[in-house]
Protein chains: 6
Amino acid sequence: MVRSVFMEDLDAFTYRERVADGAPVLIPVGSIEQHGPHMPLSVDVLLSKAMAGAVAEHTGSLVAAPIVYGYKSQQRSGGGNHLTGSTSLDAATVIATAKSLVLELARHGVRKIAFVNGHYENYQFLYEGVDLALGELRLAGTQDVRVMLMSYWDFVDDDAIAELYPDGFPGWDLEHGGVLETSLMLLLHPALVAMDRVADIPPAVLPTYDLLPARPEITPPSGCLSSGAAATADKGQVLLDRASAGMVTAIRSEFGM
Amino acid sequence: MVRSVFMEDLDAFTYRERVADGAPVLIPVGSIEQHGPHMPLSVDVLLSKAMAGAVAEHTGSLVAAPIVYGYKSQQRSGGGNHLTGSTSLDAATVIATAKSLVLELARHGVRKIAFVNGHYENYQFLYEGVDLALGELRLAGTQDVRVMLMSYWDFVDDDAIAELYPDGFPGWDLEHGGVLETSLMLLLHPALVAMDRVADIPPAVLPTYDLLPARPEITPPSGCLSSGAAATADKGQVLLDRASAGMVTAIRSEFGM
Amino acid sequence: MVRSVFMEDLDAFTYRERVADGAPVLIPVGSIEQHGPHMPLSVDVLLSKAMAGAVAEHTGSLVAAPIVYGYKSQQRSGGGNHLTGSTSLDAATVIATAKSLVLELARHGVRKIAFVNGHYENYQFLYEGVDLALGELRLAGTQDVRVMLMSYWDFVDDDAIAELYPDGFPGWDLEHGGVLETSLMLLLHPALVAMDRVADIPPAVLPTYDLLPARPEITPPSGCLSSGAAATADKGQVLLDRASAGMVTAIRSEFGM
Amino acid sequence: MVRSVFMEDLDAFTYRERVADGAPVLIPVGSIEQHGPHMPLSVDVLLSKAMAGAVAEHTGSLVAAPIVYGYKSQQRSGGGNHLTGSTSLDAATVIATAKSLVLELARHGVRKIAFVNGHYENYQFLYEGVDLALGELRLAGTQDVRVMLMSYWDFVDDDAIAELYPDGFPGWDLEHGGVLETSLMLLLHPALVAMDRVADIPPAVLPTYDLLPARPEITPPSGCLSSGAAATADKGQVLLDRASAGMVTAIRSEFGM
Amino acid sequence: MVRSVFMEDLDAFTYRERVADGAPVLIPVGSIEQHGPHMPLSVDVLLSKAMAGAVAEHTGSLVAAPIVYGYKSQQRSGGGNHLTGSTSLDAATVIATAKSLVLELARHGVRKIAFVNGHYENYQFLYEGVDLALGELRLAGTQDVRVMLMSYWDFVDDDAIAELYPDGFPGWDLEHGGVLETSLMLLLHPALVAMDRVADIPPAVLPTYDLLPARPEITPPSGCLSSGAAATADKGQVLLDRASAGMVTAIRSEFGM
Amino acid sequence: MVRSVFMEDLDAFTYRERVADGAPVLIPVGSIEQHGPHMPLSVDVLLSKAMAGAVAEHTGSLVAAPIVYGYKSQQRSGGGNHLTGSTSLDAATVIATAKSLVLELARHGVRKIAFVNGHYENYQFLYEGVDLALGELRLAGTQDVRVMLMSYWDFVDDDAIAELYPDGFPGWDLEHGGVLETSLMLLLHPALVAMDRVADIPPAVLPTYDLLPARPEITPPSGCLSSGAAATADKGQVLLDRASAGMVTAIRSEFGM
């Protein structure tokens, strides 16, 4: 069979061997969400999967099939779920999916699990799913499953930020469709990026609170919260290297590898 | 941007144009499930997505990102969910996912939706999700959304079956990991098939009822319910052509295209 | 007290003796669903209960009170839930009911449980309920509860079918309100059958997929999917004998009796 | 077809005529609960159904198929759910069942619905189910469905109580398995009553609060909270007449008949 | 730190000492519900908290932070939830809250828990929450948590009733906004009572059943079901003393203190 | 009656007048969570309520009774829910509570609602509750309810931060039990603060990801993530003034007042 870190590419017999060897399993979590006129709806799926793949290569981990659909896009971090194309799940469904995957992997014998999140809005719901799963495992007497929750941008260090954003860093919340994601996509899936369609706008100025229902007028027409015009594949390489290196270190440390 | 029938490859602006033109949206539904030693865990995702893609090309439809994880594998149709590698969701989560996707697509303005199912066990739960979504749309005064539910093998006609199974057809329920799926994988993803690992066994003999918890001894050791040894890419082509042609006809007929 | 295989007729003290003796418990599952102009809404309740009663007599089992309301009638197997009279539950409620009954019987000390299903649409939801219950019992350290899931018509063998349908068998899915159910009702509850109201129609021709919302025009006006005109009490006796004999064999085999 | 007030005995076509005529529908709600050594587990199903039948005869109503399984038996009104034989549902399932039945009957066109409850513990959960159903109907613009909730013993007037309990009335909460239920069963289902097995005990003395888990020692060994020894079929007739008359008056008054 | 029986006033370190000493924890349960023109919306919160406080002083217990919002006001015991100001939760939320609090206190090491209910409509839903929590604790092997459920008025004895209601007792169900609650509020929170706004009406005459949707005309315009005009702080003292004394006795008896 | 901005202090008649005048309603959301050895478990309830009260005074708003119990404490923002004393709800319960309160206030006629959150971990679950409520209101044809979500510390501006933290600002996530909360408590509830019990530690150094189950060793023994030693009532006044002023501005702007 193929040699792959991606669990979904492996046959069950090969997968069982890897699990028996104690391989951690990384679960990419994305979303189907508008990412402006220059990138596809699946950016968060593609990037979380690529990040997980890079981390898996260096940690002997497997990458589970991604959670494709995520929690609702919010106006302050993703443009808002009122935008056509963004296709999202309720909190209860995200929670239940995360819970089930932890329980299923634990049933397989996996003891080291990490979610590699690529969509800000998912985080707290993944947390709840993991917490519920671990509670249920405790009822069953299983105490040794450990689960990490990582959003990949949280592993880009300050040095990299200073290097990548010489004119100032808008903050991760405004990076929706901006330099981070566009650079990574240019590196990893250039055919899916149309740089000539980038809306080169200043970073959106958004309130420090949410108002629902969404007010369409506060999201830039492109749906991006900052400009991806300065994105390059080289920056994507830096981002991929730094973020994955940070995650590799964290996983090795926590999982004692 | 790229020309693609796959919604997940499109940017939101292009997607909006296609939806405004009235394009149906097809949702592939798979599972992460063991498929024997010769095929990967993602067979049902890959095949439902390929089937939906073929149908979309001929009907002007879009293909949504797949539902990757599905309902629990059952012993009489998929070997059983006790097998390591099969990674499944509870009914409630499958139902909620199907419901949410119908509601989200309806919010986008889509009025013609079809689920293209590639995992037998999903069907009734997709049905419930669709029914609940349409009930909620009715409350909102939206009456014109129509949803088809199709399992792709139900569109392989009797002539094709006679041609493909000259020694007798074991029935779709025993086709788990058998000629149907192996042939399609040989056609579509040959690098993911290891024909030298096929377990060439007679079709499993299974009871006309279920017993839970699963009895591992009644599932063949390979996890396949019949042999894929007679599979060929040519048979895969026949299956793809016939099944997709049947679905194209059905969609055109129901959606008045 | 009365001598009865029906748990609902027994006082609790007598029931406790039977459970202490290791009696299996069979749970009939029906529906309140239109069955044409010639049969009552409760056909599936009456027949599943009668089948369970016949099986209980030969296996020393008890029959629990029936699950009266079932999952939504579907157009390809029951005419569709849009028809007035059909009174159905959501999937979540069917699942929860099945789960609770397994857990309650297990609490009583019952270790051998079988659902005797009389309404096609219930099956997958009963399966999920059983699976969830067994999962919860495992958490509690109870490993020895086993549950069978049987739809009674799946135990009518090919010889009986050939004998009962000399002009060809339409398939169980089209047997809604047809020869099978009408014959059994003529045998068991003749006062509730009006043979002069049978709609003698050819079997319905239905698609190989579902479309929701239901299209009323594809269900025959009677609500039956094939004709019950050829039904007789004698055929009912054959059906009762064969199906119950098949279930008796299965129960004895699985439950080691 | 048969002439019957019981919806479950009617064919769908006859049922539709009755609904089109504006017939109210009464839903009996029981439980499967121990009722001492002298009465069967189904007392609450049988009595709620009989009460509803009597009321239906005098109000032109139909009686829906009963809700057979009810909420957990409580120690202060039913002996407690720890007792083997009592087979109960969680609150969520009782609520969902009641909600679904209201919605289904409303879909049929029924506008006057009454629950006839025969198991004390069900009441508040039926209330919630009805409230949720009416909330959903309001969303759909349906404002004219009205639902009554009745426990049949609440319609036995003080005069009847004085007549039937010459030595003092223990209170409805202690009437579990006592004179009320035993008398009605002697009238309606004498073959299911074993008067020689009545435990002739003084009324149980129970606290004014609940303690969970149940303390088995405070429930009398018989499972009855007072003695049924003074029960007679004549008293059953008085109870049936008074309770049903009270319910008939209430229904006529509320439903303007 | 402060000396207080109220857990919410204590720092976590002090709380831990008290729990380690085996202190029971009492959970007040109220509602935000109209209580006529003369009392605030929070009467049930204030009184359940005061009752719990009084009981805690005499039993060495702690009082948890109150459950503030409760189940829907019902027309026969609280005027009905259609009244503006009454702000209520669905049954599922009340159940889940009660369940979680039991599980959280059990996690802390608390083994003696009592709910002190101040809103009639909450009771059965608290019961279910407790039952579900204890079920889950059993799965985890925790068998020694015991939970009492008390509505404080059930501990006012007949002597006190005769003394406090010389002109006849209307029944606890009609005491909504009447002498009981008004007297206790005059004693405990006189600044929140406006005796000049009491509606001095005869007790409401209500049916022995519920009808939904609510009929506003059967609730007195004040929203109170009986008059609070005869209320005095002295009566409040009697009520507080008797009810708390009864609860103290019950807790000491059940919890072996 | 009393003059109060707190809805829970008002009688229903006065409340109705205020709602009829178009008053916004602010909902404080807290938690019962350890806040070190020097502050009580109810800090988040007290502060969110005080903040809401201050905002209400300047905007003509009412303050609803608080949501007392909140989502689970997380190790990176609150020390972790493994700590005894922290008493939390599952996500589903927080979501359902927020949803219900929006629906109930909307039923009262309130059209301007704001959550004033005092516990970081609540935010995303409140968001989901609000989103679900607005979705249900849309089904009912109610389009004009608007809801703000505010965490009060997000309104402390950079100038105030520079003034209050001359030695550097640790970040809001580490402010659990630190200068912010301690200063506000010293201002508002000094009797509940024991400055001699403050653990004067450097800010905790926490990872950029979560690991579950919690690792107790990474939370400082005090349960606080930074030191409150530099807290003063004067700083509390600055914080109260700035945060409430920011919220007042936001509310006036969004609600057009």
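Anything mentioned here points back to the structure above.
Quantities reported herein were computed from a predicted structural model and do not represent experimental measurements.

### What about the overall build of chain A?
No. 1: Within chain A, the secondary structure is distributed over seven helices and five strands.
No. 2: Counted from the first residue to the last, chain A has its helices and strands arranged as α-β-α-β-α-β-α-β-α-α-β-α.
No. 3: A compact globule built from 257 residues should have a C-alpha radius of gyration of about 18 Å, and chain A, at 18 Å, falls within 12% of that.
No. 4: Seen through its principal axes, chain A has C-alpha atoms that stretch 50 × 40 × 30 Å.

### Notes on the packing of aromatic side chains
No. 1: Within this structure, the stated rule accounts for 33 aromatic pairs over all chains.
No. 2: Centre to centre, the rings of Y152 of chain A and W153 of chain A are 5.1 Å apart; their planes meet at 70°, and the pair counts as edge-to-face.
No. 3: A centroid spacing of 4.6 Å and a plane angle of 75° characterise the contact between F169 of chain C and W172 of chain C, whose relative ring orientation is edge-to-face.
No. 4: Judged by relative accessible area, F169 of chain C falls into the partly exposed class, the value being 30%.
No. 5: Accessibility expressed as a relative area gives 21% for W172 of chain C, which makes it partly exposed.
No. 6: These aromatic residues form a ring-pair network of at least three members: Y71 and F125 of chain A together with Y71 and F125 of chain F.
No. 7: Positioned above the aromatic ring of F6 of chain C, the side-chain terminus of K49 of chain C is 5.5 Å from the ring centre.

### Quick word on the arrangement of the chains
No. 1: The two units chain A and chain D remain apart, with a minimum C-alpha distance of 17 Å.
No. 2: The two partners chain B and chain E share no contact, and the minimum distance between any of their C-alpha atoms is 17 Å.

### Re the sheet that holds strand 5 (residues 210-212) of chain B
No. 1: One open sheet accounts for five strands, arranged 5(B)-4(C)-3(C)-1(C)-2(C); its pairing is mixed. At either margin of the open sheet sits one strand with a lone partner, and together these are strand 5 of chain B together with strand 2 (62-63) of chain C.
No. 2: Along the sheet, helix 3 (residues 91-108) of chain C contacts strand 1 (25-29), strand 3 (112-117) and strand 4 (146-151) of chain C; its crossing angle with strand 3 of chain C, the most-contacted strand, is approximately 150°.
No. 3: Set on the sheet, helix 4 (residues 123-139) of chain C makes contact with strand 5 of chain B together with strand 1, strand 3 and strand 4 of chain C; between it and strand 4 of chain C the angle comes to about 180°.

### Here we look at the nonpolar core
No. 1: Counting 260 residues, the largest nonpolar core has F115 of chain A, F115 of chain B, F115 of chain C, F115 of chain D, F115 of chain E together with F115 of chain F as the members making the most contacts within it.
No. 2: Filtering out sequence-adjacent residues up to four positions away, F115 of chain F remains in contact with I27, V29, I67, A98, V102, L126, V130, V147, M148, L149 and M150 of chain F.

### Regarding the environment of G171 of chain F
No. 1: By secondary structure assignment, the location of G171 of chain F is in the loop between helix 6 (158-164) and helix 7 (179-188).
No. 2: C-alpha of G171 of chain F to C-alpha of I161 of chain F: the two residues are ten residues apart in sequence and 9.8 Å apart in space.

### Some remarks on the relation of the copies chain B and chain A
Relating one copy of the chain to the other takes a rotation about an axis and a shift parallel to that axis.
No. 1: After a rotation of 180° and a shift along the axis of 0.0 Å, chain B superposes on chain A with an RMSD of 0.0 Å. Taken together, the turn and the small shift mark the pair as related by a two-fold rotation axis. Scanning chain B for the C-alpha nearest the rotation axis identifies T93 of chain B, at a separation of 3.0 Å.
No. 2: A shared binding surface is used by both copies, with 100% of the interface residues of chain B retained as interface residues in chain A.

### Points about the sheet that holds strand 3 (residues 112-117) of chain D
No. 1: Taken in spatial order, the five strands make up an open sheet running 2(D)-1(D)-3(D)-4(D)-5(E), and their pairing is mixed. The open sheet has two free edges, formed respectively by strand 2 (62-63) of chain D together with strand 5 (210-212) of chain E, since each of these has just one partner strand.
No. 2: When strand 1 (residues 25-29) of chain D meets strand 3 of chain D, the two strands line up parallel, connected through five bridges. From the neighbouring strand, L26 of chain D faces strand 3 of chain D, where its bridge partner is A114 of chain D.
No. 3: Along the sheet, helix 7 (residues 233-255) of chain D makes contact with strand 1, strand 3 and strand 4 (146-151) of chain D together with strand 5 of chain E, crossing strand 4 of chain D at roughly 165°.

### As for the packing of helix 6 (residues 179-188) of chain D against helix 7 of chain D
Residue and element names in this part refer to chain D.
No. 1: Across the interface, helix 6 lies against helix 7 with an axial gap of 7 Å and an inter-helix angle of 100°. The angle between helix 6 and helix 7 falls in the class roughly perpendicular. Along the contact surface, helix 6 presents V179, L180, S183, L184, L186, L187 and L188, while helix 7 presents A233, K235, G236, Q237, L239 and L240.

### Some words on the environment of V238 of chain A
All names here are of chain A.
No. 1: Along the polypeptide, V238 turns up in helix 7 (residues 233-255).
No. 2: Measuring from C-alpha to C-alpha, the distance between V238 and V145 comes to 32 Å, with 93 residues separating the pair along the chain.
No. 3: Contact partners of V238, with chain neighbours within four places excluded, come to E163 and L164.

What counts, and where the lines are drawn
- Residues numbered from 1 in each chain as written.
- Chains lettered and ligands numbered in written order.
- Predicted model: local features only at pLDDT ≥ 70, side-chain atom pairs only at ≥ 80, totals over all residues.
- Heavy atoms only, no water.
- Helix = DSSP H or I, 4+ residues; strand = E, 2+ residues; numbered from the N terminus.
- Rg over C-alpha atoms; globule rule 2.2 N^0.38 Å.
- Phe/Tyr/Trp six-rings, centres within 6.5 Å; stacked < 30°, edge-to-face > 60°.
- Buried < 20%, exposed > 50% of the residue type's maximum accessible area, 1.4 Å probe, protein only.
- Lys NZ or Arg CZ within 6 Å of the ring centre and 35° of its normal.
- Contact = heavy atoms within 4.5 Å.
- Pairing = 2+ DSSP bridges.
- Axes fitted to C-alpha atoms, helices over the stretch in contact; angles between N-to-C directions.
- Core = buried A, V, L, I, M, F, W, Y, C linked by side-chain atoms within 4.5 Å.
- Least-squares fit on C-alpha atoms with pLDDT ≥ 70 in both.
- Parallel < 35°, antiparallel > 145°, perpendicular 65-115°, else oblique.

The quantities given are spatial measurements derived from coordinates; they are silent on function.
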